[in-house]
Amino acid sequence: MRYILIIIFSCFCSLSYGQKISGKLIDRETLEPILFATIIFYDKQDSLLAGSITDSNGAFSTDAISSDVGKIVFQYVGYNTLEMVITPDDKNKLDNLIIYLDRDYTVVGCPIILEYAYHYFSTSQPGEISIKGSHPGLAATFDDPSRSMMRYNSTSTANDQANSIVYRGMPPGFVKWALDGAEIVNPNHLSNAGTFSDRSSASAGGVLSFPFETLENYFFYPNPYQNINGDAIAGISNLEGIQNIEQRNSFIKLGFLGLEAAIYEQISTKEGLGIKAIAAHYRYSFVGLLNNLGVSFDNEEIAFQDLFLRVQLLEEENKKLFVSYSRASSNNRRIKLDEPERMFIQDFSDIDFDSDMYTLGLTFVNHKEDSNYKSASYFSSKRDERNEFSVFTFQSGSSGSSWNVTDYWNFSNHTEYSFLFFDKLRNTSSLDFSVSGRSTPNTYLGFSENIEYKQDGWTVMPQLRFIFTEIRNQAYLEGGVFLRKEIENQALEFSFAQHSQRPHPTLLLRTENNTGRLNIRNTRSNNASLGYKIFNVGSRNRIKLQARLFYHHIYNIPVTLEGYSIYDGLDLIPEKTSYTNSGRARSYGLEFNYDQELGRLSFLSGNISFFDSQIINSKDEKIDARYNFGYTSNLMITKRFVGKNKSLYLSLAAHSRGGAFDPVIDLEESRDQEKTVYSTERERLGNYFRIDLRANYTFRKKNSIILDMQNISNRMNDSYYRYDPVADDVLLEKQLGMIPVLSYKRIF
């Protein structure tokens, strides 16, 4: 994404030889320091003199700058460039400056990296991962920000077909989704993608129903996290909607994945209540269009479409009010039986999977210099319907069909108020209310208080949260604390937090009766991490390093009478069953990060983590969890070439991890039932490896050609085992091979 970085800061200062220049860069909206921003000094002829980078507090200081400095430029990815013009009449005014930068909301091209690199741990909040359109990990993510998560430490995906987030060996169902901070239902198309049961997953899917163009930002809050809805064990994926509609550019995009078109229009500049600006975005899958024309993709029909509407209703000082609406529908996974060689796929069945999603709500924001207020209320619903028609069975020749519906909704509100008492003390209060379910609602209420105090390189953030859930009328307190000590370019961090997660509606739908439903308690966890960071090392201060130890103890995990644990996911859970909360698990390990700016337009990032994720059964025996990969590693290299009115951005990303532990197939039962039947034992799949590439060529400022290539080495990673009644044997299914996706975008 190319940004037009234009802000003129009318401050006239002077500079003499040796004059100290110091200050601090602040985000104007959040009042948080901007870490690792670039400061460039030019002479009066606009020739480069020197450069500097803000530290982990957002501070900068430079001595012995030549007296002929004529301009200072402040730059950071995602912010408007600020230019400070220096004149001889403003001498001795450049010490202890407070510089405010405004976020850049202008979109004039497809997502590409800017001139200065993104660093995974350069965000202001502890543990927060922020992914914008300039993120270097977008290679082969098809503009789905959640797919970038597999570039982060200790994180991977369960399957190439889905954007599932497996964090530190914990299942994707332990990740919740939010829109502007308010919890929503799983917002993904093809939510059965990547699951060997072809049933809807709790939190993943093939395509995110909110295109990246409809988002201002994507945040992932990994455990232990703070200042956000606490109803999740592994982490929260928060989608932040467009904030400045009037600064967006309309566009049309055509590619293999589909047709997209968006209109951003400013209606009124008057203050007060009324329609100020409108953002409308529509997407229709090109694959679905080809299906309608009779083109077959391996005998599967895949179609999805989205309609996104966001209207700004208020413009008054720093206040804004948005109403958002989105709708999504999909129809996929149909196996045609007109070709004999395909008749034995999915146990002789033709499977139709249809899904409909709706989201409607309001977001109100009010940013001031010393306080921030935000409140978001959203109603979201999801209905996944799976029809499986069994044409015949291998032995008897009989026929039959099965029908499964996952239907649930959620209404939630997230309200957050942050007040800066003075430079060293900030208080943040948040209130979360959520009602979700199908026929019987399940209510959640959470109130948290977070205090942040900074003094002499110390950051102390204690947190206390009150939780109430309707199931079994549970009420309890959750505590947490974050400690940070900075010494020059080094920092030591410690974090502890308690988190819980109420049973997912998908899980409640599979209970045997209401009595079984009421027996399920919240899953809870104790979480801790200890990290060491060092910034600005190397000959040109371009290297950043991080090491972190972590430990998670999870308990009250629902397990079935048959011995299946929710910690392994929902794929194996029978449709009607009973649970107990006797399950336990733990995950612990060590992570390393390495980031380096190779040059002004190139960037290198690598990380590796080693962890152990285990289930502890009733006999205190340790069993490898399904997603106990053992290790994950990533390497990313990005480079941008710039010419007159054109640029080329290249991103290469490699991901490697250990194999997952899949359930062993019960061969005798599978023969008797003539379909795949799994046991409670498990076996390890082969190691996983993938290389992805993105090439983005922008020309004449308004035209972009983007090539995403997933798995360019065409490695066929292990997916799962299944029973084949024709071969009367267990066969290994493979994941996706190379997937090239080409698209063209035109800005208007």
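Counting of residues starts from 1 at the beginning of each chain's written sequence and follows it residue by residue. Reporting of local features is limited, given that this is a predicted model, to residues whose pLDDT is at least 70; pairs of side-chain atoms are given and counted only at 80 or more, and all residues count toward the totals for whole chains, interfaces and linings. The side-chain figures draw on all heavy atoms in the structure; neither hydrogens nor water molecules are used.

Quick word on the overall build of the chain
The cut-off we apply is this: Numbering of helices and strands starts at the N terminus; helices are DSSP runs of H or I of at least 4 residues and strands are runs of E of at least 2. Exposed residues in this analysis have more than 50% of their type's maximum accessible area, buried residues have under 20%, and partly exposed residues fall in between, with area computed by a 1.4 Å probe over protein chains only. Note on definitions: a residue-residue contact is assigned when non-hydrogen atoms from the two residues lie within 4.5 Å. Here the open area of atoms and residues is found with the Shrake-Rupley method and a 1.4 Å probe, where only the protein chains shown may cover a residue.
Counting secondary structure elements, the chain contains four helices and 44 strands. Expressed as a percentage of the 748 residues in the chain, the buried residues total 59%. For the chain, the share of sequence-separated contacts (at least 6 apart) that also reach a separation of at least 24 residues comes to 64%. As displayed, the chain has an accessible area near 29100 Å², and 56% of this comes from carbon and sulfur atoms.

With respect to the packing of aromatic side chains
To keep it simple, the criterion reads: Two aromatic rings, drawn from Phe, Tyr or Trp (for Trp, its six-membered ring), form a pair once their centres lie within 6.5 Å of each other, and the interplanar angle then sorts them: stacked below 30 degrees, edge-to-face above 60, tilted otherwise.
This structure, assessed with the given rule, holds 12 aromatic pairs. An angle of 70 degrees between the planes, with centres 6.0 Å apart, marks the rings of Tyr 167 and Phe 220 as edge-to-face. Residue Tyr 167 is found in strand 11 (residues 166-167), and its partner Phe 220 is found in strand 16 (residues 215-222); the two are separated by 53 residues along the sequence. By relative accessible area, which is 0% here, Phe 220 ends up buried. Taking 6.2 Å as the distance between ring centres and 75 degrees as the angle between the ring planes, the aromatic pair formed by Phe 210 and Phe 308 counts as edge-to-face.

Topic: the sheet that holds strand 8 (residues 97-101)
Rules: Between any two strands, at least two bridges found by DSSP are needed for them to pair. Fitted lines through C-alpha atoms give the axes, limited to the stretch in contact for helices. The angle between two N-to-C directions lies from 0 to 180 degrees.
Read from one edge to the other, the open sheet built from three strands follows the order 5-2-8, with strand pairing classed as mixed. Of all strands in the sheet, those bounded by a partner on one side alone are strand 5 (59-62) and strand 8. Within this sheet the neighbouring strands show an average axis-to-axis angle of 25 degrees, counted without direction. Both strand 2 (residues 21-27) and strand 5 contribute to a ladder of four bridges, which runs antiparallel. Of the residues in strand 5, the one forming a bridge with Gly 23 is Phe 60.

Quick notes on the side chain of Ser 743
One can find Ser 743 in strand 44 (residues 739-747). Overall, Ser 743 belongs to the buried group, its relative accessible area being 11%. For Ser 743, the contacting residues outside a window of four places in its chain are Lys 253, Leu 254, Gly 255, Ser 704, Ile 705 and Ile 706.

Some thoughts on the pattern of salt bridges
Spelled out, the test is: For this document, the term salt bridge refers to a Lys or Arg side-chain nitrogen within 4 Å of an Asp or Glu carboxyl oxygen.
A full pass over the atoms with the stated rule returns 30 salt bridges. Put simply, Asp 180 and Arg 310 hold a salt bridge, and the shortest N to O gap is 3.4 Å. Residue Asp 180 is located in the loop between strand 12 (175-179) and strand 13 (182-184), and its partner Arg 310 is located in strand 21 (residues 303-316); the two are separated by 130 residues in the primary sequence. One exposure class covers both Asp 180 and Arg 310, and it is buried. One salt bridge connects Lys 454 with Glu 452, and the closest N-O pair in it is separated by 3.5 Å. The structure contains a network of salt bridges with shared partners spanning Arg 151, Asp 160, Arg 690 and Asp 692.

Focus: the environment of Gly 181
Looking at the secondary structure, you find Gly 181 in the loop between strand 12 and strand 13. Among the residues examined, Gly 181 registers a relative accessible area of 1% and is labelled buried. Between the C-alpha atoms of Gly 181 and Leu 239, which are 58 residues apart in sequence, the distance is 7.6 Å.

Looking at the side chain of Arg 283
We count it as follows: Polar contact criterion, stated in full: a pair of N or O atoms within 3.5 Å, where within protein one must be able to donate a hydrogen and the other to accept it, and residues adjacent in sequence count only if both atoms are side-chain atoms.
With respect to the helices, strands and loops of the structure, Arg 283 is situated in strand 20 (residues 272-285). Looking at Arg 283, its side chain comes within polar contact range of the side chain of Asp 306, at 2.7 Å. Excluding anything up to four places from it in sequence, Arg 283 contacts His 189, Val 207, Leu 208, Ser 209, Pro 211, Leu 259, Glu 260, Phe 304, Gln 305 and Asp 306.

Regarding the pairing of strand 17 (residues 235-241)
Where burial is concerned, most of strand 17 is hidden: seven out of the seven residues are buried. Side chains of strand 17 alternate between two faces, with Gly 235, Ser 237, Leu 239 and Gly 241 and Ile 236, Asn 238 and Glu 240 buried alike. Bridge analysis of strand 16 against strand 17 gives seven bridges, and the strand direction is antiparallel. When the sheet's bridge partners are listed, Leu 215 is paired in strand 17 with Gly 241.

Let's talk about the confidence of the model for the chain
Basically, it comes down to this: Every residue is assigned a pLDDT by the predictor, reflecting its confidence on a scale from 0 to 100.
Overall, the predicted model of the chain reaches an average pLDDT of 79, with 79% of residues at or above 70. Here strand 1 (residues 8-13) stands out as the least confident element of the chain, with mean pLDDT 30; strand 11 is the most confident, with 94. Predicted confidence for residues 105-124 stays below pLDDT 50, and this span has 110 contacts to residues more than four positions away or in other chains. Every residue in residues 334-347 is under pLDDT 50, and counting partners more than four places away or in other chains gives 40 contacts.

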